[in-house]
Every structure is written in C-alpha cells, then in structure tokens.
Amino acid sequence: KENKMVKICCIGAGYVGGPTMAVIALKCPAVEVVVVDISVARINAWNSDQLPIYEPGLDDVVKQCRGRNLFFSTDVEKHVYEANIIFVSVNTPTKTRGLGAGKAADLTYWESAARMIADVSKSDKIVVEKSTVPVKTAEAIEKILTHNSKGINYQILSNPEFLAEGTAIQDLFKPDRVLIGGRETPEGRKAVKALKDVYAQWVPEERILTTNLWSAELSKLAANAFLAQRISSVNAISALCEATGANITEVAYSVGKDSRIGPKFLNASVGFGGSCFQKDILNLVYICECNGLPEVANYWKQVIKINDYQKSRFVNRVVSSMFNTVSGKKIAVLGFAFKKDTGDTRETPAIDVCKGLLGDKASISIYDPQVTEDQIQRDLAMNKFDWDHPIHLQPLSPTAFREVAVAWDAYEATKGAHGVCILTEWDEFKDLDFQKIYDSMHKPAFLFDGRNVVDVEKLRDIGFIVYAIGKPL
Ligand code: NAD
Ligand code: UGA
C-alpha cells in the first residue's frame, strides 16, 4: 500500500496551479498530475498551443509532460476522487462587500472547493493549501472537511507558493525554499513527509522547511509584506531624491551594498502592482485588527499608502509639468502589464495612472507587447477590488473608453503624442529609437519614466524633457 502511485490533483489552473503542477510533473515522472478548473475556457487553453498565461519557459515544460503525466481537465470531481494529494490553488481575492470588505480575504472559492472535496472523497486525502490564505484557514478547512467525513482521514498542509510571475519557471526549478506546514501529530508528520518526498525529487533537502501550520500560513503573508515594504521604502526615498538632487539609483546601490540589506528588490518604480502584494498586506492588516493589534495593522497599512502615493505623485508630475493640463493631449503609455515578461495586468499601476490621466481628460494611446486591447478596456472600466470576482467578468459595457486607443507598437503609440509614460520595464523599451519617437511627437516632447529604463542624459540630448523616478530633474 505504501508503494501505490502518487496521484496529485490541483484545483485551480491559474498562474500558480498551472506552472507549479507542470514543474512537479516534469520533475516527478512517476507521479500523475491533473490540474482541474471550473473555467472551461482556461482548461481548453491549457490543452491547446496557446497557453492561457504567458510565462517564459512554460511552453517548453508543458510540452514535455502534457499527455504523459500532466493533464488538464474540467472533470473536477473525478480527479479529486482519484487523488491522494489535492492542492488547492484557487483565487483568494479581497472581499468587496460585507464584514471586512476592502481588506479581508474572500474565501468563497476555497470553501466551495473544500465542500466539493468532502462530498466526493471516498479515501484518505492530503489537502494542501497552495493559495495564499489568512492564518488559521487550515482550521476552518479542517472543520468543513471533517464535518461529514464518513471515516475518511484528511490531513491539511500549508505549502504556500513563492514564485514570482515572469520568472515562475526558474523560481520553481530553483526555489530559495519550499515551505511545508502541518499538524504536529504522527499523521501530520506522515503527510508532511509525503509532500516533502515530492519536492525532494529536485529541491535540495536543506531548502525544504517544515513548520507548524500557522507558521507556514503566516510566513507567506509576512514574506510578501516584507518584499512590498522594501519597494515602498525605496519609493519613499525616491520622492526625497527628486526634492533634493540625490539620485535613487545611486542611493539604492549604496544602501544595498550593505550585506545585511542586500541588493535585490530595491528598484524605485511608479508603484508595485500584481495580484498579491496589496491583497496580502490588506489581509495581514485585517488579521492584526481582528487580533486587537491596531499598531501593527497601521504599520503595514503604511506600505500600501506609500504605494498609492507614488502612483498619484507620478500622475501629478505628468500633469503639472505639462503646464497643468493634459486635456485633449495625446499621452502614449508604454507598458501596461504589472511587470515585464508577463501579460498579467492585475493591480498594475498602469490602471491607476491611466485612470488619473483620463480624469484630467487626456487621450491615451497604450502599447504593451503582451496585453490585449480587450483586457485593457476591461481593466479601465472596472472598480477597485472587482477584478478577481468572476461575477464582474462581464462583457464590456457600451461606455468603453473612447479616449483610450491601443497601438500595435511603441512608434505607433507615440506618434503625434505630447508626452510618453513608461509604466512597465519591458526590455524592448530600452532599445527604442528615441530620435525617431522624438521627431514624430509634439514639442516640447515630454517623457516620464516610471521604471528607470531609459538613459536620461541621452534623451535630454535628443531634446526630450525627461522626468524619471527619483532622478535629478
Ligand atoms: P488565478 O485566478 O490565476 O487562478 C485561480 C483559478 O482557480 C481560476 O482559474 C479559477 O477559475 C479557479 N477556481 C476558483 N474556484 C474554483 C473551484 N471551486 N473549483 C475549481 N477551480 C476553481 O489565481 P492565481 O494567480 O493562480 O493565484 C492563486 C492563489 O495563489 C492565490 O491565493 C494567490 O494569492 C496565490 N499566489 C499567487 C501567486 C502569483 O504569482 N499569481 C504567487 C504566489 C501565490
Ligand atoms: C510577488 C513575490 O515576489 C513572490 O515571491 C510571491 O510569490 C508573489 O508576489 C505572490 O504571492 O503572488 P509577483 O507579484 O509575481 O511576485 O512579482 P514581483 O517581482 O514581486 O513584483 C511585484 C511588483 O513590484 C511589480 O509591479 C514590480 O514591478 C514591482 N517591483 C519589484 C518594484 O517596483 N521594484 C522592485 O525592486 C521589485
């Protein structure tokens, strides 16, 4: 019985479920991995040549194991029933209404997955929290699972994911650590070992950390809070650089040279985006408040406030330098994804910047190598926090923005523009022919670099009026 083949089922075929399971399948040829989702469109895409997410190296991994020991299916019940290890990697957005709205994690999708597992299971299961969840979620999940357990033994593990988009495959191949939290009972330890054996196929032993459940759940929220805090710290200093003539690149480099601080993740920007930093910090803030720790809650809240400040500061800079109005002016926006090498736009700072410019009646022309026009229009039409609630994924309202055009390349976007905003650090933006862009623009030609990708001096020599985050004006 000990030797029976491990069958893994992952509920949720998104940015986390898809790549993590593809890598497990690649590294563990003896394990059968099935990724299931309620979204038929998503599963169809995973089974096609056009995967639903853009991630460097992903195509290659999927091609190697799809149909061998990696499968994508909408038959959720069947594969949950057959699996011994079930990963749950569904979305856990911020609640938009009710208790904790705007802060607390919405566990609706998680709960329905847990209820479904309880309904269809006929044998013992290890249920793995892959989604990022509030501390103590495992306790709630356990209640749901064991409520009507028909004698089935469920072991809940917390195995948070630390991959970053754009580098997901390399992060999964060589993770800094894999974290597994479980119950400190004999059955709990056995379950931890079973999951550890999967990762041990390619991750060195010393990088697989095991903790109790609550430490694992909290470590994920804490890690994202620390990462986001670094960005807000460097962004806060960037504002002071602009006011004083210091240069944020030089300051960040000097600060990061201290081995206690380290050089990574100190790039000043127009603000952090992505589906997780804000959501997870809000979640952390809410948990602190619920535990009677308002001072701790306020401390972390500040990370988000500085991020919002950085985005509005950028918009204000654009408008104020263009003689206090962008009304009727064409502003080119280069980059819409929340970072390079992904087509993901969730919580991208570009949404807030574009909304700010539209609020001042600009007409904007957007180019991003990986984001579709449909996605951009939908993002700009959506309210804050609504993006991860499928009920809102409705067709475009007739009020789609007429002031927003989407261009097929950077030259088209910038042609006849009064100003250019660089909002994503795509490599191709570094090598643009800026003389050609300058020649096609209205003068004075403004360029606002929200990612510090251009050579400011070179552009000033061409004739641009350049503003770059944290750089002398
Ligand atoms: P996602 O929205 O891309 O994917 C979630 C998928 O779950 C969707 O395809 C949805 O249709 C499916 N789903 C929802 N309810 C379901 C159900 N009951 N049964 C079957 N399928 C269901 O989300 P994601 O970006 O993959 O994130 C998933 C979780 O991982 C979140 O908690 C997130 O915080 C965490 N996380 C994300 C990242 C990242 O880089 N995106 C990194 C680490 C952790
Ligand atoms: C982040 C974490 O890095 C992952 O470890 C974590 O697993 C993930 O969140 C998650 O929980 O979802 P991700 O959001 O995909 O990953 O990408 P990051 O590289 O962290 O970038 C987040 C945002 O911060 C981007 O908008 C990026 O442009 C910005 N950023 C990043 C900066 O502005 N400056 C930096 O120095 C680094």
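Notes on the structure follow. Just so it is clear, the model here is predicted, and its values are computed rather than measured.

**Some points on the overall build of the chain**
Here is step 1: Across its full length, the chain carries 17 helices and 14 strands.
Here is step 2: Whereas a compact globule of 473 residues would reach a radius of gyration of roughly 23 Å, the chain reaches 24 Å, a difference of no more than 12%.
Here is step 3: Projected onto the principal axes, the alpha-carbon positions of the chain cover approximately 75 × 45 × 45 Å.
Here is step 4: When each of the 473 residues of the chain is scored for burial, the buried share is 45%.
Here is step 5: Contacts spanning at least 24 positions in sequence make up 75% of the contacts within the chain whose residues lie at least 6 apart.

**Points about the site of ligand 2**
Here is step 1: Taken together, 20 residues are adjacent to ligand 2, and Asn267, Ser269, Phe272, Gly274 and Cys276 come closest.
Here is step 2: With 3 residues, the single largest contributor to the shell around ligand 2 is helix 9 (residues 213-244).
Here is step 3: Considering only residue class, the shell around ligand 2 consists of 11 nonpolar, 6 polar and 3 charged.
Here is step 4: A domain-level breakdown of the shell around ligand 2 finds at least three residues from each of domain 1 (7-203) and domain 2 (245-468).

**Some remarks on the pairing of strand 10 (residues 363-367)**
Here is step 1: Across the 5 residues of strand 10, 4 count as buried, placing the element largely inside the fold.
Here is step 2: Bridging between strand 9 (residues 330-334) and strand 10 involves 5 bridges; their strand directions are parallel. Residue alanine 332 lies in a different strand from strand 10, and its bridge partner there is serine 365.
Here is step 3: Relative to strand 11 (residues 404-406), strand 10 is paired through 3 bridges, and the arrangement is parallel. Within the sheet, the bridge partner assigned to isoleucine 364 lies in strand 11 and is valine 404.

**Digging into the packing of helix 12 (residues 294-321) against helix 13 (residues 349-359)**
Here is step 1: Where helix 12 meets helix 13, the closest approach of the two axes is 9 Å, and the angle between their N-to-C directions is 40 degrees. Between helix 12 and helix 13, the angle falls in the class oblique. Relative to helix 13, the crossing made by helix 12 is right-handed. Residues Lys311, Ser312, Phe314, Val315 and Val318 of helix 12 pack against Pro349, Asp352, Val353, Gly356 and Leu357 of helix 13.
Here is step 2: For the contact of helix 12 with helix 13, the residue count by class is 6 nonpolar, 2 polar and 2 charged.

**As for the environment of leucine 334**
Here is step 1: Relative to the helices and strands, leucine 334 is located in strand 9.
Here is step 2: For the pair leucine 334 and alanine 410, spaced 76 residues apart in sequence, the C-alpha to C-alpha distance is 6.7 Å.
Here is step 3: Residues contacting leucine 334, with those up to four places away along its chain left out, are Tyr367, Ala410, Ala413, Val420, Cys421, Ile422, Leu423 and Phe429.

**Concerning unusual backbone geometry**
Here is step 1: The amide bond that connects lysine 443 to the next residue, proline 444, takes the cis arrangement and shows omega of -5 degrees.
Here is step 2: On the secondary structure map, proline 444 appears in the loop between helix 16 (434-440) and strand 13 (446-449).
Here is step 3: You will see that asparagine 324, though not glycine, has its phi angle at about 70 degrees, which is positive.
Here is step 4: For asparagine 324, the location among the structural elements is in the loop between helix 12 and strand 9.

**A look at the site of ligand 1**
Here is step 1: In the vicinity of ligand 1 lie 26 residues, with Gly12, Gly14, Tyr15, Ser131 and Thr132 positioned nearest.
Here is step 2: The greatest single-element share of the shell around ligand 1, amounting to 3 residues, is contributed by helix 5 (residues 108-120).
Here is step 3: Its residues placed into classes, the shell around ligand 1 shows 11 nonpolar, 11 polar and 4 charged.

What counts as what
Residues numbered from 1 in each chain as written. Chains lettered and ligands numbered in written order. Predicted model: local features only at pLDDT ≥ 70, side-chain atom pairs only at ≥ 80, totals over all residues. Helix = DSSP H or I, 4+ residues; strand = E, 2+ residues; numbered from the N terminus. Rg over C-alpha atoms; globule rule 2.2 N^0.38 Å. Buried ≥ 20, exposed ≤ 12 C-beta atoms within 10 Å, placed from the backbone. Contact = placed C-beta atoms within 7 Å. Near = placed C-beta within 6 Å. Nonpolar A, V, L, I, M, F, W, Y, C, P; charged D, E, K, R; others polar. Domains from an automatic or database assignment. Pairing = 2+ DSSP bridges. Axes fitted to C-alpha atoms, helices over the stretch in contact; angles between N-to-C directions. Parallel < 35°, antiparallel > 145°, perpendicular 65-115°, else oblique. Left-handed = near helix turned anticlockwise from the far one by under 90°.

Interpretation in functional terms is not warranted from these geometric data alone.
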